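Structural characterization, general
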Amino acid sequence: MTDPTFEFSRAITRRPSASITDGLRAEDIGTPDLDQMLKDHAHYVATLKKTGAEVIELPPLEDFPDAVFVEDTALCLPQGAVLMRPGAPSRMGEVPHMAPALREFYGDVRGIAGPGHIEGGDILVTGREILVGRSDRTDAAGVAELSGIVSDWGHSLREVFTPPGVLHFKTDCSLLDGETILSTKRLAASGCFDGYRVLHVEDGEEAAANSIRFNQFVLMPAGFPRTAAMLGNAGYDVVEINNSECAKLDGGMSCLSLRF
Ligand code: CIR
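Given the structure is predicted, the values throughout are model-derived calculations rather than measurements. (Residues numbered from 1 in each chain as written. Predicted model: local features only at pLDDT ≥ 70, side-chain atom pairs only at ≥ 80, totals over all residues. Heavy atoms only, no water.)

Right, let's talk about the overall build of the protein for a bit. Along its length, the protein carries six helices and 15 strands. Relative to the 2.2 N^0.38 estimate, which gives 18 Å for 260 residues, the radius of gyration of the protein is 17 Å and therefore close to what a compact globule would have. Its C-alpha atoms put the protein at 45 × 45 × 40 Å along the principal axes. Scored against the burial criterion, the 260 residues of the protein give a buried share of 55%. Here the protein has roughly 10,500 Å² of accessible surface; of this, 51% comes from carbon and sulfur atoms. Charge-centre separation for the protein: the mean point of 23 positive side chains lies 2 Å from the mean point of 38 negative side chains. (Helix = DSSP H or I, 4+ residues; strand = E, 2+ residues; numbered from the N terminus. Rg over C-alpha atoms; globule rule 2.2 N^0.38 Å. Buried < 20%, exposed > 50% of the residue type's maximum accessible area, 1.4 Å probe, protein only. Areas by Shrake-Rupley, 256 points an atom, 1.4 Å probe, with all protein chains shown as cover. Lys, Arg positive; Asp, Glu negative; His and termini not counted. Charge placed at Lys NZ, Arg CZ, Asp CG, Glu CD.)

Next up, the structure:
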């Protein structure tokens, strides 16, 4: 039996394009360096492959600077995939570029028709339910439409809180296994993970919360040694990946792949 919350046979990624320098950012903390981002991306892809999974590497999309952050374009579940409707207007056009890749692997590919908006970065699939945080990118109508789709497949969806000023719900949390969540203290304080086992990222290391469990590894951004040690002591096999360039665009480990 595989656990669909962290045991995956495939991932879809997209190589960063030169237009990444025009990517969206909440705050200007410097221009991302494409060469460094390509190196980091290659390390990320190689780590996913090392688990034995197949990684589908899509080509760069020059017209869409944020297209490397594929997670926001779709939700992948065992029963089917759902194409999102991003709340950032400049990202809407990424979705039709993702659809053919998903149709290769899924018989059932649905889509958010609108008028609501929802991005994959706001969705955490646990062993029990689908948690969705509303944000500047995800609104009530988008959540309601997704809820209708996933209930057809037997999933229950629960709307939760996203801390103010945080781009996506998953900026502040990740799934370590079906029952265990890595979270910032500010998010866990909302009570949204009550009943789960919660590991907190260390104070001052909030950006480590956007990590991913992919098969035997936890991929986490480099530079958060106390959280890396905490996860290692808890028995996780941690791989640290430099994230300095994606971080300039508010991106992290989860945004760089769709996993199924
Ligand atoms: C954006 O603002 O949409 C991109 N610059 C970053 C997207 C990060 N995605 C994610 O956390 N799922």
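Taking 1.5 Å of rise per residue, 17 residues should cover 24 Å, and helix 1 (residues 34-50) covers 24 Å from first to last C-alpha, within 8% of that figure. If you check which residues of helix 1 are buried, you get Met 37, Asp 40, His 41, Tyr 44, Val 45, Thr 47 and Leu 48. In a view along the axis of helix 1, the buried residues occupy a sector of 155 degrees, so they form one face of it. Facing away from the buried side of helix 1 by more than 90 degrees, the exposed set consists of Asp 35, Lys 39 and Lys 50. One side-chain oxygen of the residue at the start of helix 1 lies 3.2 Å from the amide nitrogen of Asp 35, identifying that residue as Asp 33. (Expected span 1.5 Å × (residues − 1). Arc of directions from axis to C-beta. Polar contact = N/O pair within 3.5 Å; in protein donor to acceptor, adjacent residues only side chain to side chain.)

In this section: the UniProt feature "active site" (unreviewed entry) in the protein. Mapped onto the present numbering, the UniProt feature "active site" (unreviewed entry) falls at His 168 and Cys 255. Maximum C-alpha separation among the annotated residues is 10.1 Å over a sequence range of 88 residues, consistent with a single clustered spot. Its place among the elements puts His 168 in the loop between strand 8 (157-160) and strand 9 (173-177). Excluding residues within four positions of it along the chain, His 168 makes contact with Asp 72, Glu 119, Gly 121, Asp 122, Arg 137 and Thr 162. Tracing the chain through its elements places Cys 255 in the loop between helix 6 (244-247) and strand 15 (258-259). The exposure class of Cys 255 is buried, given its relative accessible area of 9%. If near-sequence neighbours (up to four positions away) are discounted, Cys 255 is found in contact with Val 68, Phe 69, Val 70, Glu 71 and Asn 210. (UniProt positions renumbered as here; feature names shortened; annotations may be inferred. Contact = heavy atoms within 4.5 Å.)

Below, the discussion takes up the sheet that holds strand 10 (residues 180-183). Reading across from one edge, 9-10-11 is the order of the three strands in this open sheet, with mixed pairing throughout. On the outer flanks of this sheet lie strand 9 and strand 11 (197-200), each paired with one strand and no other. Averaged over all pairs of adjacent strands, the angle between their axes in this sheet comes to 30 degrees, without regard to strand direction. Seen against the sheet, helix 5 (residues 225-233) touches strand 9, strand 10 and strand 11 and runs at an angle of roughly 145 degrees to strand 11. (Pairing = 2+ DSSP bridges. Axes fitted to C-alpha atoms, helices over the stretch in contact; angles between N-to-C directions.)

This brings us to the site of the ligand. Not every one of the 14 residues close to the ligand is listed here, only the nearest: Asp 66, Asp 72, Arg 91, Arg 137 and Leu 249. Here a nitrogen atom of the ligand sits 2.8 Å away from a polar atom, N or O, in the side chain of Asp 66. Calculation on the ligand without its partners gives an accessible area of 340 Å², and the protein chains cover 98% of this total. Partitioning the shell around the ligand into residue classes produces five nonpolar, three polar and six charged. (Near = heavy atom within 4 Å. Nonpolar A, V, L, I, M, F, W, Y, C, P; charged D, E, K, R; others polar.)

Most of strand 1 (residues 10-14) is tucked away, with four of its five residues classed as buried. Examined bridge by bridge, strand 1 and strand 2 (residues 54-58) share five bridges and lie parallel to one another. Within strand 2, the residue paired with Arg 14 across the bridge is Leu 58. Handedness of the crossover joining strand 1 and strand 2 through helix 1 is recorded here as right-handed. Pairing geometry for strand 1 and strand 15, over two bridges, is antiparallel. Bridge pairing in strand 15 links Ile 12 to Leu 258. (Right-handed = clockwise from strand over helix to strand, strands pointing away.)

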